[in-house]
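Topology and contacts: notes
One-letter residues, chain by chain:
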Amino acid sequence: MDDSIEIDINPADIEWDTFRASGAGGQHVNKTESAVRVRHLPSGLVVECQQERSQHQNREKAMQMLRSRLYELEIEKQNEEKGKVEAGKTKNEWGAQIRSYVLDDRRVKDHRTGYQTGNTDAVLNGDLDGFLKAYLANPLGIVEETE
């Protein structure tokens, strides 16, 4: 259960219906309207409760059920947003690297921008200014191959 999610239901956003419960109960069921139906207008959720003999108890249970369903909807929304973020990430696999260090040929190439340098010692010592400038000049990563 996520404690950061608070479900507040505005009384103006719900609509109540009462009706006679079905099932066992004899004459009491036939005379009283103890079952309730609550509609949450913004979400379109409908919850019915006819477990108890008292309309007040059924109202309380219906509100608990409605809060529970709204909570589940919020969790689903958050999971969808997380899924969108995760889908945008690249997989950590062969060929997905950002840079290639080919020390035999004395070459370091940034695959996102196409920037390349022959000064491998400087790059290995932390001189990444050329790579940063190339990335900032082309943040979308549109590469024009010149080889």
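What you see is a predicted model, and the numbers here were worked out from it, not measured in a lab. (Residues numbered from 1 in each chain as written. Predicted model: local features only at pLDDT ≥ 70, side-chain atom pairs only at ≥ 80, totals over all residues. Heavy atoms only, no water.)

A tally of regular secondary structure across the chain gives four helices and six strands. Traced from its N-terminal end to its C-terminal end, the chain shows the element sequence β-α-β-β-α-β-β-β-α-α. Here the chain holds 147 residues, and 22% of them are scored as buried. When contacts within the chain are restricted to residue pairs at least 6 apart in sequence, those whose partners lie at least 24 apart make up 35%. For the chain, the exposed surface amounts to about 11100 Å²; the carbon and sulfur share of it is 47%. (Helix = DSSP H or I, 4+ residues; strand = E, 2+ residues; numbered from the N terminus. Buried < 20%, exposed > 50% of the residue type's maximum accessible area, 1.4 Å probe, protein only. Contact = heavy atoms within 4.5 Å. Areas by Shrake-Rupley, 256 points an atom, 1.4 Å probe, with all protein chains shown as cover.)

In this section: the packing of aromatic side chains. Following the criterion strictly, the structure yields one aromatic pair and no others. The interplanar angle of 85 degrees and the centroid separation of 5.0 Å between the aromatic rings of Tyr115 and Phe131 together place this pair among those described as edge-to-face. Taken together, the residues Tyr115 in the loop between strand S5 (107–110) and strand S6 (116–117) and Phe131 in helix H4 (residues 129–137) connect sequence positions 16 residues apart. Assessed through its relative accessible area of 2%, Phe131 is described here as buried. Above the ring of Trp16, the side-chain terminus of Arg59 is found at 4.5 Å from the ring centroid. The ring of Tyr135 is capped by Arg112, whose NZ or CZ atom sits 4.7 Å from the centre of that ring. (Phe/Tyr/Trp six-rings, centres within 6.5 Å; stacked < 30°, edge-to-face > 60°. Lys NZ or Arg CZ within 6 Å of the ring centre and 35° of its normal.)

Our next topic: the pairing of strand S3 (residues 45–49). Of the two faces of S3, the one lined by Leu45, Val47 and Cys49 is fully buried and the one lined by Val46 and Glu48 carries no buried residue. Taking the residues between adjacent antiparallel strands as the criterion, strand S2 (residues 35–40) and S3 are bridged by four residues, where Gly44 takes a positive phi near 85 degrees. (Pairing = 2+ DSSP bridges.)

Moving on, we come to the sheet that holds S3. In spatial order, the strands read S1-S2-S3; together these three strands make up an open sheet with antiparallel pairing. With partners counted over all chains shown, the strands left at the sheet margins are strand S1 (14–19) and S3, one partner each. Recorded for the sheet is a direction-independent mean angle of 15 degrees between the axes of neighbouring strands. Of the pairings in the sheet, the one linking S1 to S2 comprises six bridges and is antiparallel in character. Bridging from a neighbouring strand, Glu15 pairs with Arg39 of S2. (Axes fitted to C-alpha atoms, helices over the stretch in contact; angles between N-to-C directions.)

The next thing to look at is the nonpolar core. Formed by Ile9, Ile14, Val36, Val38, Leu45, Val47, Cys49, Ala62, Met63, Leu66 and Leu70, the largest nonpolar core amounts to 11 residues. When contributions to this core are tallied by element, the ones reaching two or more residues are S2, S3 and helix H2 (55–87). It is H2 that provides the largest number of residues to this core, a total of four residues. Setting aside residues up to four positions removed in sequence, Cys49 forms contacts with Ala35, Val36, Asn58, Lys61 and Ala62. (Core = buried A, V, L, I, M, F, W, Y, C linked by side-chain atoms within 4.5 Å.)

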